[in-house]
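This is what each chain is made of:
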Amino acid sequence: MKSWSHPAVPSLAGTGPIPELFDTATGTLKRACSTAHASLYVCGITPYDATHLGHAATYLAYDTLVRVWLDAGKDVRYVQNITDVDDPLLERAAATGVDWRELAASQVDLFRSDMQHLRVIPPQHYVGVTEVIDDVADAVARLLQAGVAYRVPSEDADDDLYFDSAAAASVAWSLGSESGLDRETMMRLSAERGGDPERAGKRDPLDPLLWRAERAGEPAWDSVLGRGRPGWHIECAVIALDRHDETITVNGGGSDLIFPHHEFSAGHVAALTGEPLAEIYSHTGMVAYQGEKMSKSLGNLVLVSRLVAAGVDPRAIRLALLSEHYRSDWEWTDAHVRRANVRLSSWSDWAADCDAVDADPKVATLRETLSHDLDTPRALEQIDAHVAAGQPATRALVDAIDALLGIRLV
Ligand code: ZN
């Protein structure tokens, strides 16, 4: 699928350090990338509602990682999916009387435009699930053959297919190895986040759906498994495998994907290849608004597109989001935009008289700060202090702010 246009990224003299990133699976900071290229798979949107600031914060966190990797001289391979067929999308389409394909296409368009406004570097591969149905069906057929998938009869359709978590346990993955959660928590989260622990006929209530047989009124595709559509976690497992030829460096997404989504994507990849999905499982915090997590289902959304339409400078939105650490849970307030506007205006005034100096020790400080688990709040404060102290603006530092933080000042 078409992604969006690549923002200009100035190249800087020298290279920055390889970043350290927090890994959910081990609960430690890990050096992100030991090989010549760095690979990233970030779970994309389910396109049934426009990009809210919680999404934007996630994609900006991984944009910062991509920028830091590029600055470290890494060849970056970035893949993102679009869950363009899924229950919430179909439910929204039915509720609003819009064809689900039209709803998805219009929301993907809006997402592209939001990402472009925020100057997010696009993935090289932007893949819709509907583009890889055959690949997913083939992978599920292999899991069946390997004895790690099984049939669950249904009253109104052919058998559905489920992943056998216990049979799939190996050195590369076992239930809980990505999330580190206890069983009780997994049961609760499974019920809350799209799983079906109550479904009769499953070997383990936590086993996730791999393939849903066709139901009346639902979209379905012909495949080696008969007519149906993919389950959620296998989509990401297959897209990640299809576009990356080895264990990826970082699998990223919001912390609400830790379980069940990333747990089982990792389980599916391990069952298909014998290898872990990722070296690092990285998660971003949740953004709240008016006291609750910002979510489509609650409807308490602040949309990037609405802020832009209301005249907010997209650079201020970017600065507002970068002013909170990507792993924190935090609450969006109007004060975030006010503070970001003040910051943007003071930095812009400072940069307007920039000297054509192409070396500045502050560039090394900025690189160092961001390499510690993408510490953008501290990076912004360091630049604030530099500006407030009346230190001269150099071309080198102004370019570094553009290349690493995505904020073009002049
Ligand atoms: Zn995913």
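Because the structure is a prediction, the values reported are computed rather than measured.

On to the domain arrangement of the protein, then. We note that the domain assignment places domain 1 (20-284) and domain 2 (304-405) within the protein. Relative to domain 2, the C-alpha centre of domain 1 lies at a distance of 32 Å. Each partner contributes to the interface: domain 1 provides 26 residues, whereas domain 2 provides 22 residues. Of the roughly 2300 Å² buried at the junction of domain 1 and domain 2 (both faces included), carbon and sulfur atoms supply 63%. At the junction of domain 1 and domain 2, the tally comes to 3 salt bridges. The partner of aspartate 63 in a salt bridge is arginine 318, with the nearest N and O atoms 2.7 Å apart. Our enumeration of links across domain 1 and domain 2 arrives at 11 residue pairs in polar contact (both at pLDDT 80 or more).

Here we come to the coordination of the zinc ion. The zinc ion binds to the protein through Cys43 (SG), Cys236 (SG) and His261 (NE2); the donor distances cover 2.0 to 2.1 Å. Sequence spacing among the residues donating to the zinc ion works out to C-x192-C-x24-H. Here the residue cysteine 43 occupies a position in the loop between strand S3 (37-42) and helix H1 (53-71), and cysteine 236 occupies one in helix H7 (residues 232-243), the gap between them amounting to 193 residues. Classification of cysteine 43 as buried rests on a relative accessible area of 7%. Under the relative-accessibility criterion, cysteine 236 is labelled buried at 3%.

Moving on, we come to the environment of aspartate 313. You can see aspartate 313 is positioned in the loop between helix H9 (304-309) and helix H10 (314-322). It is 29 Å that separates the C-alpha atoms of aspartate 313 and aspartate 256, two residues lying 57 residues apart in sequence. Of the polar contacts made by the side chain of aspartate 313, one reaches the backbone nitrogen of arginine 315; its length is 2.8 Å.

For the rest of this paragraph, the subject is the pairing of strand S1 (residues 20-23). Looking along a regular strand, one sees the side chains alternate between the two faces of the sheet. Burial of the side chains of S1 is restricted to one face: Leu21 and Asp23 are buried, whereas none of Glu20 and Phe22 on the reverse face is. What sits between the antiparallel neighbours S1 and strand S2 (residues 28-31) is a turn of 4 residues, in which glycine 27 has the positive phi angle 70°.

Next up on the list: the packing of helix H12 (residues 361-371) against helix H13 (residues 376-388). For the pair H12 and H13, the least separation of the axes is 8 Å and the interaxial angle reads 160°. Classified by the angle their axes make, H12 and H13 are roughly antiparallel. Like other packed secondary-structure pairs, H12 and H13 cross with a definite hand, here right-handed. Within the contact between the two elements, H12 uses Lys362, Thr365, Leu366, Thr369 and Leu370 and H13 uses Thr376, Arg378, Ala379, Gln382, Ile383 and His386. Residues belonging to the contact of H12 with H13 are distributed by class as follows: 4 nonpolar, 5 polar and 2 charged.

Attention now moves to the pattern of salt bridges. This structure, assessed with the given rule, holds 27 salt bridges. Where arginine 367 meets aspartate 71, a salt bridge forms, and the shortest distance between an N and an O atom there is 2.7 Å. Taken together, the positions of arginine 367 in helix H12 and aspartate 71 in helix H1 put the pair 296 residues apart, joining distant regions of the chain. Summarising the burial analysis for this pair, arginine 367 and aspartate 71 share the class buried. Here aspartate 99 makes a salt bridge to arginine 101, at a shortest N to O gap of 3.1 Å. Residues joined by salt bridges that share partners form a network here, namely Asp87, Arg212, Glu218 and Arg229.

About the thresholds
- Residues numbered from 1 in each chain as written.
- Predicted model: local features only at pLDDT ≥ 70, side-chain atom pairs only at ≥ 80, totals over all residues.
- Heavy atoms only, no water.
- Domains from an automatic or database assignment.
- Contact = heavy atoms within 4.5 Å.
- Buried area = accessible area lost by both parts, 1.4 Å probe.
- Salt bridge = Lys/Arg side-chain N within 4 Å of Asp/Glu carboxyl O.
- Polar contact = N/O pair within 3.5 Å; in protein donor to acceptor, adjacent residues only side chain to side chain.
- Donors = N, O, S within 2.8 Å, 3.2 Å for Na, K, Ca; no water.
- Helix = DSSP H or I, 4+ residues; strand = E, 2+ residues; numbered from the N terminus.
- Buried < 20%, exposed > 50% of the residue type's maximum accessible area, 1.4 Å probe, protein only.
- Pairing = 2+ DSSP bridges.
- Axes fitted to C-alpha atoms, helices over the stretch in contact; angles between N-to-C directions.
- Parallel < 35°, antiparallel > 145°, perpendicular 65-115°, else oblique.
- Left-handed = near helix turned anticlockwise from the far one by under 90°.
- Nonpolar A, V, L, I, M, F, W, Y, C, P; charged D, E, K, R; others polar.

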